[in-house]
Amino acid sequence: MRKRLYIGVAGAFGASTRLLIGQLLIVSGSFPVATFLVNMVGTFVLCYIVERARLGGSLTALAVTVITTGFLGAFTTFSAVSVETVELLRDGFFVLAGVYVGSSLVGGLAMAALGFSFARRRSS
């Protein structure tokens with residue numbers, strides 16, 4: 001029960017942080033900058049923590065779960081990417097929608113690779 005409570009509290013902080021960043025990064029134009037940046041940072045941090053834990057880092061299993069499932073699970077959002085892409089398509093921004101999906105996928109994979117790489121370097 002305690003684990004679920006910690007994950008819930010961390011999730012509330014993750015969602016609140018994402019909302020705050022969205023409010024701070026209001027950029028004119030159609031590209032969803034805030035969601036893109038949140039997802040890139042979140043992917044990097046998630047992969048870094050997962051790899052550090054796998055390599056025997058100092059975080060407990062509970063801390064890893066609370067941070068990754070709770071905070072980062074609420075902080076990052078694939079559903080927002082999906083909604084924003086459909087809205088771009090609906091509004092006729094076909095190329096921008098493609099750029100958003102492509103950059104989200106490629107950027108996410110690149111940030112994942114960087115996160116894993118940085119974690120391995122740190123453990124050496």
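Above this text you will find the structure in question.
Below is a short write-up of the structure. (Residues numbered from 1 in each chain as written. Predicted model: local features only at pLDDT ≥ 70, side-chain atom pairs only at ≥ 80, totals over all residues. Heavy atoms only, no water.)

Turning our eyes to something else, we now look at the side chain of arginine 52. Along the polypeptide, arginine 52 turns up in helix H2 (residues 33–54). Although arginine 52 is buried, it makes no salt bridge; glutamate 51 carries the closest opposite charge, 8.9 Å away. With residues up to four places along the chain from it excluded, the contact list for arginine 52 reads Gly57, Ala119, Arg122 and Ser123. (Helix = DSSP H or I, 4+ residues; strand = E, 2+ residues; numbered from the N terminus. Buried < 20%, exposed > 50% of the residue type's maximum accessible area, 1.4 Å probe, protein only. Lys, Arg positive; Asp, Glu negative; His and termini not counted. Salt bridge = Lys/Arg side-chain N within 4 Å of Asp/Glu carboxyl O. Contact = heavy atoms within 4.5 Å.)

For the rest of this paragraph, the subject is the packing of aromatic side chains. Scanning the entire structure with this criterion turns up five aromatic pairs. Measuring from centroid to centroid gives 5.2 Å for phenylalanine 31 and tyrosine 100, while their planes differ by 75 degrees, and the two rings are edge-to-face. Of this pair, phenylalanine 31 sits in the loop between helix H1 (2–24) and H2 while tyrosine 100 sits in helix H5 (residues 94–123); the two residues are 69 residues apart in sequence, bridging distant segments of the chain. According to the relative accessible area criterion, tyrosine 100 is buried, its value standing at 0%. With centroids separated by 5.5 Å and ring planes inclined at 20 degrees, the aromatic side chains of phenylalanine 71 and phenylalanine 75 adopt a geometry described as stacked. Linking phenylalanine 71 with phenylalanine 75, this pair stays in helix H3 (residues 61–75), spanning four residues, or about one helical turn. Relative accessible area serves as the criterion here: at 24%, phenylalanine 71 is assigned to the partly exposed category. In this structure an aromatic cluster arises from ring pairing among Phe31, Phe36 and Tyr100. The ring of phenylalanine 118 is capped by arginine 121, whose NZ or CZ atom sits 5.0 Å from the centre of that ring. (Phe/Tyr/Trp six-rings, centres within 6.5 Å; stacked < 30°, edge-to-face > 60°. Lys NZ or Arg CZ within 6 Å of the ring centre and 35° of its normal.)

What follows deals with the environment of phenylalanine 31. Phenylalanine 31 gets classed as partly exposed once you look at its relative accessible area, which sits at 25%. Sequence spacing of phenylalanine 31 and isoleucine 49 is 18 residues, and the spatial spacing of their C-alpha atoms is 29 Å. In contact with phenylalanine 31, not counting residues within four places along its chain, are Phe36, Leu96, Val99, Tyr100 and Ser103.

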